[in-house]
Amino acid sequence: MTVVAPNLSPVVLLARFRGEVVCSRPAFPDVLQLHIRDADGGLWRFLTFEAEYFPPTPDEFVGKIVVGADIDAADGKVTIGFSDGSSLCVVPLALQPAEVDVNYESWQLFTPDGLVLNHGPGDHWLLKQANAPC
């Protein structure tokens, strides 16, 4: 099976990340899951893992409109801006090399067109088809 990954940067992909937060909840302790419906009706999913997020109250994001998302390429910090001027900040945990394994991810962004952007460990990025083998 041939899997083709698009030639997109994380910055270009996040430039398309816009829409209304239709679901916001903790998925596991200290893990956040957001579902965003874009103007075309597509569903984006943003999940944190080995990261802290601020503010730590997921319920307050439901109904907000995502108008921008910025990445600090040096540390993987993501700031998601909302139309009301508030924001969500996701900061990857600073782990020691011995604490990081091959399955470490600080956050993921799933797109409506079947792509997933994984961040972690460190400054590692991976953009692939969501159904592609690891």
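Being a predicted model, the structure only gives us computed values, none of them experimental.

Rules of the game
- Residues numbered from 1 in each chain as written.
- Predicted model: local features only at pLDDT ≥ 70, side-chain atom pairs only at ≥ 80, totals over all residues.
- Heavy atoms only, no water.
- Helix = DSSP H or I, 4+ residues; strand = E, 2+ residues; numbered from the N terminus.
- Buried < 20%, exposed > 50% of the residue type's maximum accessible area, 1.4 Å probe, protein only.
- Contact = heavy atoms within 4.5 Å.
- Areas by Shrake-Rupley, 256 points an atom, 1.4 Å probe, with all protein chains shown as cover.
- Pairing = 2+ DSSP bridges.
- Axes fitted to C-alpha atoms, helices over the stretch in contact; angles between N-to-C directions.
- Salt bridge = Lys/Arg side-chain N within 4 Å of Asp/Glu carboxyl O.
- Phe/Tyr/Trp six-rings, centres within 6.5 Å; stacked < 30°, edge-to-face > 60°.
- Lys NZ or Arg CZ within 6 Å of the ring centre and 35° of its normal.
- Core = buried A, V, L, I, M, F, W, Y, C linked by side-chain atoms within 4.5 Å.
- Polar contact = N/O pair within 3.5 Å; in protein donor to acceptor, adjacent residues only side chain to side chain.

The secondary structure content of the chain amounts to one helix and ten strands. Reading the chain from its N end, one meets helices and strands in the order α-β-β-β-β-β-β-β-β-β-β. Residue burial in the chain is summarised as follows: out of 134 residues, 40% are buried. Residue pairs in contact within the chain that sit at least 24 positions apart in sequence constitute 47% of those at least 6 positions apart. As displayed, the chain offers around 7,300 Å² of accessible surface, 55% of which is attributable to carbon and sulfur atoms.

Our focus in this paragraph is the sheet that holds strand β7 (residues 87–92). Read across the sheet, ten strands follow the order β4-β7-β6-β5-β1-β2-β3-β8-β9-β10 without closing on themselves; strand pairing throughout is antiparallel. Only two strands of the sheet have a single neighbouring strand rather than two, namely β4 (51–54) and β10 (125–129). When strand polarity is set aside, the average angle formed by the axes of neighbouring strands in this sheet is 20 degrees. Examined bridge by bridge, β4 and β7 share four bridges and lie antiparallel to one another. When the bridges of β7 are listed, Glu 52 appears paired with Val 91.

Inspection of every chain in the model, using the stated rule, returns two salt bridges. Measuring nitrogen to oxygen at the nearest pair gives 3.2 Å for the salt bridge that ties Asp 113 to Arg 16. On the criterion of sequence distance, the pair formed by Asp 113 in the loop between β8 (107–110) and β9 (115–119) and Arg 16 in the loop between α1 (10–15) and β1 (19–26) is long-range, its members being 97 residues apart. What makes Asp 113 partly exposed here is its relative accessible area of 45%. With a closest N to O distance of 3.2 Å, Lys 64 and Asp 84 form a salt bridge. Here Lys 64 is found in the loop between β4 and β5 (65–72), whereas its partner Asp 84 is found in the loop between β6 (77–82) and β7, with 20 residues between them in sequence.

What follows deals with the packing of aromatic side chains. When we look at a pair of aromatic rings, we describe it by the centre distance and by the angle of the planes. Following the criterion strictly, the structure yields four aromatic pairs and no others. Their ring planes at 50 degrees and their centres at 5.5 Å tell us that Phe 17 and Trp 44 sit as a pair that is tilted. Pair noted here: Phe 17 is in the loop between α1 and β1 and Trp 44 is in strand β3 (residues 43–48), with a separation of 27 residues, a long-range link. In terms of burial, Phe 17 and Trp 44 fall into one category: buried. Pairwise contacts between aromatic rings join Phe 17, Trp 44, Phe 46 and Trp 107 into one cluster. The ring of Phe 110 carries Arg 45 above its face, with NZ or CZ at 4.3 Å from the centroid.

Turning to the nonpolar core, a few remarks are in order. Ranked by size, the top nonpolar core spans 25 residues in total, and within it Phe 17, Leu 34, Ile 80, Leu 88 and Leu 109 carry the most contacts. Beyond its immediate sequence surroundings of up to four residues, Phe 17 is in contact with Ile 36, Trp 44, Phe 46, Val 66, Ala 69, Ile 80 and Leu 109.

So, about unusual backbone geometry. What is expected of a backbone is that most residues other than glycine have negative phi and most peptide bonds are trans. Along the chain, Phe 54 connects to Pro 55 via a cis peptide bond; the corresponding omega equals -5 degrees. Mapping Pro 55 onto the fold places it in the loop between β4 and β5.

Classification of Lys 64 by relative accessible area gives buried; the value is 16%. Of note is the side chain of Lys 64, whose polar atom sits 2.7 Å from the side chain of Ser 86. Not counting chain neighbours up to four residues away, the residues in contact with Lys 64 comprise Gly 19, Glu 20, Val 21, Phe 82, Asp 84 and Ser 86.

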